[in-house]
Every structure is written in structure tokens, then in C-alpha cells.
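Single-letter residue listing:
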Amino acid sequence: MQCQICNKNDATIHLTEIADGVRTEMHICEQCAVEQDIAVKSHIPINELLSNLLAVQPSDDELSGSSEQNLACPSCGFTLAQFRKEGVLGCPGDYEVFEKTLLSLIEKAHNGKTAHCGKIPLKTPRDTKKQMELLSLRQQLEAAVQSEDYELAAELRDKIKQNEQ
Amino acid sequence: MKLTDISNDINEWFDGSGPLADIVISSRIRLARNLAGYKFLSRCSDTEKSEILDKLRDIMMSLDLGDKVFYVSVDQAPTLNKHFLVERHLISRHHAFGKGPRGVVIAEHEFFTAMINEEDHLRIQVLKAGCQISQCAQQINRIDDMIEKKVDFAFNPRYGYLTACPTNVGTGIRVSVMLHLPALKITGQIEKFFNAAKDMNLAVRGLFGEGTEAASDLYQLSNQATLGVSESDIVSRFEKTIIPEIIEYENAARSQLLSKQSDVLDDKISRAMALLQNARLISSQEALFLLSHLRLGINMHQRMGASTPAIEKLRTLCGAGDDPNKASVLSIALQLNYGKPLDPTHRDALRAQIIRSALNQDDPQKS
């Protein structure tokens, strides 16, 4: 499809406008989009992202029937209302105390991922470390299966079996 | 060690050298960590913050980094010094103008800094010139291991390293590269870069981090997700996919300029040189804008009679300052070196004089 403005380049931006019930479509190229000042806002600052995510939180909680809304963390006294206001948590324990609410936020902020995969402290007790390695291997396995890399998947499966023994 | 010792020169990681330096100016990796057994800073009293600060400062000062380190007590530093530390990318604005006991440990060659009591108890960062992300990763991992031998960090098997803001949880890693993309800007294709960054789930910021405008065609590109993806995967994605793609875009725009708009390019570069060599008063914004074009000229192998390190030195010394709203009036390095705050006209005159003498070395009469 050619750009409706310059009639030269391929149209890569497709706009649909509905005004007073009338639908109009526009197909233009990137260059003309810039000239017409029709640019896609591409950068959302972290704090804006965070407040957007938090804004949708209550409905999620209603669905899960969470009682975390009125809870205060036993170790630091922190509440979800304070988190909404400040954007930061009160103590490491909050990750467990407010797990239900935080989980969907964490999922959205990290591309759907909810489990750590990466460095483990040198001093982590061995069984926790083993658990972590297993968790990481399983995540890699999932990715290998998704990308249809069955050779790697078989290798990972063997490793997981070995680790489980 | 005083701040004026480093304000007179430019830091090693920002001197225009290093791999792929015509587009990738610098590489930076930051790790966020919190001490186990302490609350996050929003719930700490000043006494607890002082305890954390003392503990971490002593550890950071005792590390074997292969370079001397010095400590700046940020809460007690004069305002001019705080601005300088931000302008020099050694601390964040949040750290400079935050509350309560806090400080920063800086390696003399500025490749390493450790902010204590910023948003998290500890934020360490390693910086290098050009595209050296895996080198940054190796070095910061080694430093992190050294620190971990002396303290326990808050860590949970499911969520990894626990951070005050859930957007940093997991690895706590932020990989950033500073990119010079003048040709994409001149050819009106910078949106292409923004869209590519968005598709790859990366954040784009200006020269001085979150909330600052892109000055002098410099953009910081960094990862957003820190959970569910390992440090090495993030690093290799930057090196193998992201950076090559952006470099390809910028180089295509540069070739396009050369083949279709060489007059426009020559004009922009020659004008930049002429103005910088002759101006008697120059604002920091104008200086940054013109220096960006001059850097492009040098990188496109035009004989400009100046080198990239010289441009970088001028940019650092005469730069915009850290506050986008006051970009035209601030340049802290300039004032720190002069020994006292200057009014805007004097600043513009001093800036113009420094640039003239650097760019007219063959013809001292002009400067």
C-alpha cells in the first residue's frame, strides 16, 4: 500500500479516526507521519508506567478477593495505600505480605515473568540455591520448547533430572 | 582528592574512545542491592540510614578496585558540587537532592561509583568508553561478589534481589548505552529509533536520565525488565541484537546524507565549525547542538582540524548542566573550575573563549 500523502513510499502507519460516528482511515509512511506531526509516543517514563499499573489494581484485587488492601506489614507497618502514593515498598517482607497485589504489577513490568533467573548470592544456603537453579533451568526449558529448540530442551531436561536427585 | 581535581579533565569513560565510539559513546551497568535485615529506605529513620551508610561506606572504601577511591557526603555537599556530580553522571538527581544521610564512593578514574542510600541501600555502577557492555558486566559482577563476601543482601528465591521498587526486582540490573544519533535526527527518522526501542521493550532517556530531554543528539537506551531474564542474557541481547540494529539505522541515515544531501551535511558541519571558532558568547544549548554536528563531521572522516576526544572534552566542560529547565544557564564544571558561580553572560563568554582556544590552536590570533 502506498502512502496517501506522498504517493511514493510504502504506508507503514495506519490511522483510524472515528469522529461523530464517521470512520476515516489514513495510510501513510513514516516520513510523512513525522512531517504531519503524527508521531507515536514511544517512551513512557517508569513512574508513569507504575502509576498506570497501580491504577488498574483495585479491580484485579476485587477479582481475587484479596484482603491485602487493608493490611499493614507486620515488620514495617507499610500499607498498599502508601505504596500507591510513594511507588516504593517499605521492607523486603512486603513482597510476601502483598504478594497477590504485587504479582500482577510485577508480571506487567517484567514482560509477564514472575520468577528470578540469574545471579544467586554466593552465601545462599545450598538447598535454596538448588531450588533457584531448578527454577532457572525450568524457565530456560520453557523458552527452548517455545522456540522449538528440542536439542537444547532435551539437554535441559537431563540437567533438571540430575539436579532433582 | 577534591572534586576540582576531576572537574578540570574529562573522565576516561567519556573521552570519545572505545569500540564503536562513533555511535556508542559509553556503556554503563548498574546493580541495585539492599541489605538483608533492614527496612527499605522509605521506612528507615535517619539513625538507621546512618547505620547503613557507615556500614556500606566502610566496605566500599576497603574494596580492591585497582584504583583509589574517595567518598563524598552528598547530604552535606554544597549545591554547586551536587550539580557537578550529576552533570558528570556520577550520581543521579534523585540522590543529589534527596533526603537524609547519603553518600557516594567514587573511583578516581570515575569508572566506578557506589551510591549509598539512593532509592535502594546500594547502587553500584561501572562505566566504560564505547561499546564495552560485557566488560562492564564482568567487572561489576566481580565487585558485587567482593561486596557479598562482607554483607548479606535481601534476596528471595522466587523474586531474586529485592529492591524498593518492584520494577527493579530480580537481577537489579540496568544496562545502558549512550548513543550519538545525529544523522537519524537530521534526516527526520529519529522516530524509527524510538519505535525500535519500544518494540524491544527498552527505555529511551535524555543525556541526564529519566525526565531529561535529549540534548546534543545523545540518547540513553536501557533495559526495563529485570526479572525472569538473566544478567548474561540481557547483556548479550544488547551486544548481539540491539546495538547492531541501532548502528545500522544511524549508518544508513549517514550514508543517505552523504549520497543525497551532501550539501546539507557539509553546510551543517561547516557552519558548526565557523560558529564555534568565532562566537564571543555561546549558550550551552547552542554549544551542545553545534558540537554534535562537529562530532558527526569528524566521524564521517571530514578533515575538521579537531578530534573526537577534543569535542568530548569541550562538551563535558561546556555542557548543558544537569537540569533541563536551566540548560541555558548552568554548566557546573565551568563554574567549579573558575572557582565561583558566574552570571549567565559571563558563563557564555567564558564558554565561547574555551571553545575558541581549543578549536583555533593552529591560528592563536583568532582565539
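One structure accompanies this document, and this report is about it. This structure is a prediction, so every number in the text was calculated from the model and none was measured.

Looking now at the overall build of chain B. A tally of helices and strands in chain B yields 13 helices and ten strands. Relative to its full complement of 367 residues, chain B shows a buried share of 52%.

Once that is clear, we can look at the interface of chain A and chain B. Listed by partner, the interface residues are 41 residues for chain A and 44 residues for chain B. Counting only elements with at least two residues in the side of chain A that touches chain B, the list comes to α1 (30-35), α2 (46-55), α6 (99-109) and α7 (126-146) of chain A. Of the residues that constitute the side of chain A that touches chain B, the class distribution is 22 nonpolar, 14 polar and five charged.

On to helix α7 (residues 190-199) of chain B. Regarding α7(B), the residues found buried are Ile190(B), Lys192(B), Phe193(B) and Ala197(B). Each buried residue of α7(B) lies within a common arc of 150° when the element is viewed along its axis, so the set occupies one face. Residues of α7(B) that are buried make contact with α1 of chain A together with α6 (182-186), β9 (202-205), β10 (218-223) and α8 (231-260) of chain B. One or two steps after α7(B), the chain reaches Asn201(B), where phi turns positive at roughly 55°.

Next up on the list: the packing of α7(B) against α8(B). Residue and element names in this part refer to chain B. Where α7 contacts α8, the two axes come as close as 10 Å, and the packing angle between them is 170°. With respect to α8, the element α7 is oriented roughly antiparallel. In contact with Lys-192, Phe-193 and Ala-196 of α7, α8 contributes Glu-245, Ile-246 and Tyr-249. Tallied by class, residues from the contact of α7 with α8 come to four nonpolar, no polar and two charged.

Here we come to the nonpolar core. Val104(B), Leu179(B) and Leu294(B) are the most contacted members of the largest nonpolar core, which totals 86 residues. Take this core: its biggest share by element is eight residues, from α8(B). Ile106(A), Ala109(A), Tyr159(B) and Leu162(B) belong to the second largest nonpolar core, which has 27 residues in total.

Looking now at the packing of helix α9 (residues 262-278) of chain B against helix α10 (residues 284-299) of chain B. All names here are of chain B. In contact at an axis separation of 8 Å, α9 and α10 are set at 125° when each is read in the N-to-C sense. On the basis of the axis angle, α9 is oblique to α10. In this structure, the crossing between α9 and α10 has a hand that is left-handed. Residues Lys-268, Ile-269, Ala-272, Met-273, Leu-275 and Leu-276 of α9 touch α10, and the partners they reach there are Leu-290, His-293, Leu-294, Leu-296 and Gly-297. A per-class count over the contact of α9 with α10 returns eight nonpolar, two polar and one charged.

Time to look at the sheet that holds β10(B). Residues and elements named next belong to chain B. Taken in spatial order, the eight strands make up an open sheet running β2-β3-β4-β5-β1-β8-β10-β9, and their pairing is antiparallel. Looking at strand neighbours, the two that pair on one side only are β2 (69-73) and β9, the edges of this open sheet. Taken over all neighbouring pairs, the strand axes of this sheet differ in orientation by 20° on average, direction set aside. With seven bridges connecting them, strand β1 (residues 24-33) and strand β8 (residues 173-180) associate as antiparallel partners. Note that in β8 the partner of Val-24 across the bridge is Leu-179. Taken strand by strand, α8 contacts β1, β8, β9 and β10, and its axis lies near 15° from that of β8.

Another point: the environment of Val229(B). For Val229(B), the position within the fold is in the loop between β10 and α8. A residue is classified by how many C-beta atoms lie within 10 Å of it, and Val229(B), with 22 of them, is buried. Sequence-wise, Val229(B) and Gly170(B) are 59 residues apart; in three dimensions their C-alpha atoms are separated by 8.4 Å. Those residues in contact with Val229(B), other than ones at most four positions away along the chain, are Lys113(A), Cys117(A) and Ile234(B).

Residue and element names in this part refer to chain B. Taking 1.5 Å of rise per residue, 17 residues should cover 24 Å, and helix α2 (residues 46-62) covers 24 Å from first to last C-alpha, within 8% of that figure. Restricting attention to buried positions, one finds in α2 the residues Lys-49, Ile-52, Leu-53, Leu-56 and Met-60. Angular distribution of buried residues about the axis of α2 spans 100°; they occupy a single face of the element. Exposed side of α2, more than 90 degrees from the buried face: Thr-47, Asp-58, Met-61 and Ser-62 are the residues found there. Those residues of α2 that are buried lie in contact with β3 (103-107), β4 (112-116) and β5 (122-129).

The rules we used
Residues numbered from 1 in each chain as written. Chains lettered and ligands numbered in written order. Predicted model: local features only at pLDDT ≥ 70, side-chain atom pairs only at ≥ 80, totals over all residues. Helix = DSSP H or I, 4+ residues; strand = E, 2+ residues; numbered from the N terminus. Buried ≥ 20, exposed ≤ 12 C-beta atoms within 10 Å, placed from the backbone. Contact = placed C-beta atoms within 7 Å. Nonpolar A, V, L, I, M, F, W, Y, C, P; charged D, E, K, R; others polar. Arc of directions from axis to C-beta. Axes fitted to C-alpha atoms, helices over the stretch in contact; angles between N-to-C directions. Parallel < 35°, antiparallel > 145°, perpendicular 65-115°, else oblique. Core = buried A, V, L, I, M, F, W, Y, C linked by C-beta atoms within 7 Å. Left-handed = near helix turned anticlockwise from the far one by under 90°. Pairing = 2+ DSSP bridges. Expected span 1.5 Å × (residues − 1).

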